[in-house]
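Residue-level structural notes
In case you want the letters, here they are:
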Amino acid sequence: MAKLRHFEILKIKHFVLFITILGFSSCKEDAKTLHRITAERIAVDRMHEESEAVKDFIKPYHDRVNQMLDSTLAYAPAEISKMDGRYNSSAGNLMADIMLLEANPIFQKRTGKPIDFALMNHGGIRATISKGNVSARTAYEVMPFENNISVVELDGKAVLQMIGYIIKSKRAHALSGIQVVLNRDESIKTIKIQGQPFDVDQHYFIATSDYLVSGGDDMVFFKNALTITDTDYKIRNAMIDYFSKVDTLAPTVDDRFYKIK
């Protein structure tokens, strides 16, 4: 009788185990498979009403950002443009000077070496600085990109390729720390870097945009870089820092790159 009772209990346990497994199996979800992706274009136009709740929520942040962007940092007594010179321009000279001045302490601290000169492309300057107050918003208008200042080490031959590119481009690319004088036929007469005669056997450190280092604007001579140091310093931030230090912006077209008459 005990054996029978044991057998009955065993059958009940097996039955419960079977039912449990069956229950888990039935509860298991089927694998989902993506069959189709659809998209819908929702036009945002005047037909959509402004949400007052959203507007009220962002207003304090909006007002604070505008206050920071529009606070006067410096003053420009005259318009600063990239179009006011054939070989160099007031805007280009300002931009290159800023890159050289602001990035040099960072590079020197990291490497113990100074930057020799700076180069920025003409097309990278996106706006004219109008006469009047200069603010952080001005920097965003002139340099809307997220480009960092990189310092590239080039040998003398690569520097000559760079200068040849600038001459051939027929555009007032931004330069600082270097003087290039051309003959009447636009061949090179003299090159000076930091006031010293150019030495083809020497290596030079050039501050420029990381966009150009990657070959932007067809500046392929940077592919010959011996070293590249990213300063993690945005060109726009360098502009804002510079504006905060000076009272008046008065760059001019000068003799850093010109052709003798």
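Residues numbered from 1 in each chain as written. Predicted model: local features only at pLDDT ≥ 70, side-chain atom pairs only at ≥ 80, totals over all residues. Heavy atoms only, no water.

A tally of regular secondary structure across the chain gives 7 helices and 11 strands. Of all 261 residues assigned to the chain, the portion counted as buried reaches 38%. Partitioning the contacts of the chain with sequence separation of at least 6, the portion at a separation of at least 24 is 80%. Roughly 16,700 Å² of accessible area belongs to the chain as shown, and the carbon and sulfur atoms make up 55% of that amount. (Helix = DSSP H or I, 4+ residues; strand = E, 2+ residues; numbered from the N terminus. Buried < 20%, exposed > 50% of the residue type's maximum accessible area, 1.4 Å probe, protein only. Contact = heavy atoms within 4.5 Å. Areas by Shrake-Rupley, 256 points an atom, 1.4 Å probe, with all protein chains shown as cover.)

Turning our eyes to something else, we now look at the packing of aromatic side chains. Given two aromatic rings, their pairing is described by the distance between the two centres and the angle made by the two planes. Here the structure, examined in full by the defined rule, presents 5 aromatic pairs. Note on Phe107 and Phe205: the rings are 5.4 Å apart at their centroids and 50° apart in plane angle, and the pair reads as tilted. Of this pair, Phe107 sits in helix α3 (residues 90-111) while Phe205 sits in strand β9 (residues 203-209), and the two are 98 residues apart along the sequence. For the pair shown, Phe107 and Phe205 are each scored as buried. Geometrically, the ring pair formed by Tyr165 and Phe221 is edge-to-face, given 5.6 Å between the ring centres and 65° between the ring planes. Residue Tyr165 is located in helix α5 (residues 156-169), and its partner Phe221 is located in the loop between α6 (210-213) and β10 (227-234); the two are separated by 56 residues in the primary sequence. Neither Tyr165 nor Phe221 differs from the other in exposure class; each is buried. Within the aromatic cluster, the residues linked to one another by ring pairs are Tyr165, Phe221 and Phe222. (Phe/Tyr/Trp six-rings, centres within 6.5 Å; stacked < 30°, edge-to-face > 60°.)

Turning our attention to the nonpolar core. By size, the foremost hydrophobic cluster in this structure holds 36 residues, and its most contacted members are Met95, Ile149, Met239, Phe243 and Leu249. Of all the secondary-structure elements, those providing two or more residues to this core are β1 (72-76), α3, β2 (117-120), α4 (136-142), β4 (148-155), β9 and α7 (235-245). It is α3 that provides the largest number of residues to this core, a total of 9 residues. Formed by 27 residues, the second largest nonpolar core is a distinct cluster that contains Ala158, Ile163, Tyr204 and Phe257. (Core = buried A, V, L, I, M, F, W, Y, C linked by side-chain atoms within 4.5 Å.)

Keep in mind that these numbers describe shape and distance, not what the molecule does.
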